[in-house]
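Analysis of the macromolecular model
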Amino acid sequence: MVLWSCERSSQVMDESTVNGKPKCQRLHKGKDAGIDKINRLPEAILEHILSFLPTVDAVKTSVLCKKWQYLWTSIPNVEFEEDSSSKRELFMNSVERVLLLRGCSHIRRFYIACNVFDDAYRVNLWVSAAVQQNVEECSLCLSGIKGPFALPHCLFISTSLTNLELYVAGALKLPSKIDLPNLKYLILMKIKFLDERSTEQLLSCPALQELFVEDCNWSHLRAVTIFTPMLKSLTIRDKDRHRVGCQVMICANNLESIYCKSAFVNDYCLRESCSLMEAVIDVAEFPLSRSREAAYRISKLLQGMRSVKSLELSSKTIEVLTSADEIYIHLLVFGNLRSLNLGRLDLKCGAVWGLLHHSPHLEMLEFREKVTSITR
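Residue positions are given per chain, counting from 1 as you read along its sequence in written order. Restriction of local features to residues with pLDDT of at least 70 applies here, the model being predicted, together with a cutoff of 80 or more for giving and counting side-chain atom pairs; totals for whole chains, interfaces and linings are based on all residues. Heavy atoms from the whole structure form the basis of all side-chain values; hydrogens and water molecules are not counted.

What follows concerns the environment of Asn115. Helix and strand definitions here come from DSSP, where helices need a minimum of 4 consecutive H or I residues and strands a minimum of 2 consecutive E residues; each element is numbered from the N-terminal end. Within the secondary structure, Asn115 is located in strand β2 (residues 109-115). Expressed as a C-alpha distance, the spacing of Asn115 and Leu142, which sit 27 residues apart in the sequence, is 5.7 Å. By definition in these notes, contact holds between two residues if any of their heavy atoms fall within 4.5 Å. The contacts of Asn115, once residues within four sequence positions are left out, are Glu82, Arg88, Ser143 and Gly144. A distance of 2.7 Å separates a polar atom in the side chain of Asn115 from a polar atom in the side chain of Ser143. Any pair of nitrogen or oxygen atoms within 3.5 Å is treated as a polar contact; in protein, a donor-acceptor pairing is required on top of that, and neighbouring residues in sequence qualify only through side-chain atoms on both sides.

This is the structure:
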């Protein structure tokens, strides 16, 4: 029995070794083999993998081995976000180091979120570097701005730019000439517009398909025309409560959807689009003393929506329209309207009756709140 046990033990020992190497060494060798397999992948695939990492983490991979030392410099996305815990100078230097070491590698997406303070010159250098590297999508979220702020002119004449997102908490001084021939997607937030001509140029890029304008200040402008023949989607969210508004004419022959939530200090006019599929009008909070003025501006906007197929008016919109019952007289026929969604069906509202009366092909009527009946 003792002999058998020794033989069995010897057999177990033989199974746990290969070429005289312990099992732990074989495990270590397997791990190294896995790393080797990753390193043998084409650089294009490795760069694609790195593109899913935040820029800061992608840079950290440079310490893995010699092959990875500069691999991150070819990733297509450059994204930096300053937070309250960051040391400002360290953050600024990190951005500059990455842009410098990248050389001339193409940038697909460039995203910077930071305070400007007294470093406008450095921030503009970053943007210029991205433009020089043929950036396609540029997203800038800038706060801490002192006085009118000007971004580099090269950003507004880029031929590679297709997407532009500007969140600028302050006055933005636009260049006198703007030429973005391939821009398709534009988001503008918190911007105070200063000049009518340059604002018109920015909002009227020839290839623009989607335009989103939120919480911007138009009070320095009197009249602006948005001429965008390729525009398909327009969103306006406007809480501007200044006494002086701007007249905004929207000319978009191929517009398919429009969403407008506004205090209607600004006077939005839509030149009729035969392609319009859906429209939403909502009213932001404003003094009750301005209800009739807002009602007439909503009515004017509705005139440009006569070909719409689906229309939604919020409860607040119906409330405002009720303050000017005579508006229904000015409503034209909505010959294509199939679906009408009302936040509240107020049967005392002349505009509601006008819409129902002037929509001969209406198929669906929806409302979310109670019906307010007529008092006889």
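Those residues of helix α7 (residues 196-203) lying buried are Ser198, Thr199, Gln201, Leu202 and Leu203. Buried residues belonging to α7 abut β5 (185-193), β6 (210-214) and β7 (223-227). A 1.4 Å probe rolled over the protein chains alone gives each residue an accessible area, and that area as a share of the maximum for its type sets the label: buried under 20%, exposed over 50%, partly exposed in between.

Looking now at the nonpolar core. In this description, a nonpolar core means a group of buried Ala, Val, Leu, Ile, Met, Phe, Trp, Tyr and Cys residues linked to one another through side-chain atoms lying within 4.5 Å. With 96 residues, the main nonpolar core has Phe110 and Met305 as its most contacted residues. Among the elements that take part in this core, helix α6 (residues 120-132) stands out by supplying six residues, more than any other.

This brings us to the sheet that holds β5. Following DSSP output, two strands are said to pair if at least two bridges run between them. Spatially, β1-β2-β3-β4-β5-β6-β8-β10-β12-β13-β14-β15 is the arrangement adopted by the twelve strands of the open sheet, whose pairing is parallel. Edge positions in the sheet fall to β1 (77-81) and β15 (364-367), since each has one partner strand and no second. Here the average twist between neighbouring strands, direction ignored, is 10 degrees. Of the strand pairs in this sheet, strand β8 (residues 233-238) and strand β10 (residues 257-262) are connected by six bridges, and their pairing is parallel. Between N-to-C directions, angles cover 0 to 180 degrees, with each direction set by a line fitted to C-alpha atoms, over the stretch in contact for helices.

This part is about the pairing of strand β4 (residues 163-172). In terms of strand pairing, strand β3 (residues 137-143) meets β4 through six bridges, oriented parallel. By the bridge assignment, Glu137 is partnered in β4 with Asn163. The sheet contact formed by β4 and β5 spans eight bridges and is parallel. In the sheet register, Gly170 faces β5, and the bridge partner there is Ile191.

Moving on: the environment of Ala252. With respect to the helices, strands and loops of the structure, Ala252 is situated in the loop between β9 (247-251) and β10. Taking C-alpha positions, Ala252 is 6.0 Å from Leu231, a pair spaced 21 residues apart along the chain.

Our next topic: the sheet that holds strand β11 (residues 267-271). Spatially, β7-β9-β11 is the arrangement adopted by the three strands of the open sheet, whose pairing is parallel. The sheet is open, and its two edges are formed by β7 and β11, each paired on a single side. Neighbour-to-neighbour, the strand axes of the sheet open up by a mean angle of 15 degrees, direction not taken into account.

Moving on: helix α8 (residues 291-303). Here a helix's expected span is defined as the number of its residues, less one, multiplied by 1.5 Å. Between the first and last C-alpha of α8 there are 19 Å, a value that for 13 residues agrees with the 18 Å anticipated at 1.5 Å per step. Close packing links the buried residues of α8 with β10, β11, β12 (278-283), β13 (310-313) and α9 (315-322).

On to unusual backbone geometry. Although it is not a glycine, Phe117 adopts a positive phi angle of roughly 50 degrees. On the accessibility criterion, Phe117 (40% relative accessible area) is partly exposed. Notably, Asn134 is not glycine yet its phi reads approximately 55 degrees, a positive angle. Structurally, the position occupied by Asn134 is in the loop between α6 and β3.

Another point: the side chain of Ser315. Note that Ser315 resides in helix α9. On the accessibility criterion, Ser315 (16% relative accessible area) is buried. A polar contact of 3.4 Å, which involves the side chain of Ser315, links it to the backbone oxygen of Gly343. Apart from the residues within four sequence positions on either side, Ser315 is in contact with Gly343, Arg344 and Glu369.

Two rings from Phe, Tyr or Trp (for Trp, the six-membered ring) form a pair when their centres are within 6.5 Å of each other. A pair whose planes differ by under 30 degrees is stacked, one over 60 is edge-to-face, and the rest are tilted. Summed over the entire model, instances satisfying the criterion amount to four aromatic pairs. Centroid distance Phe264 to Tyr268: 6.5 Å. Interplanar angle 80 degrees. Geometry classified as edge-to-face. Residue classification places Phe264 among the buried residues on the basis of a relative accessible area of 0%. Grouped by ring-pair contacts, the aromatic residues Phe80, Phe91 and Trp126 constitute a single cluster.

That's the geometry; what it means functionally is another story.
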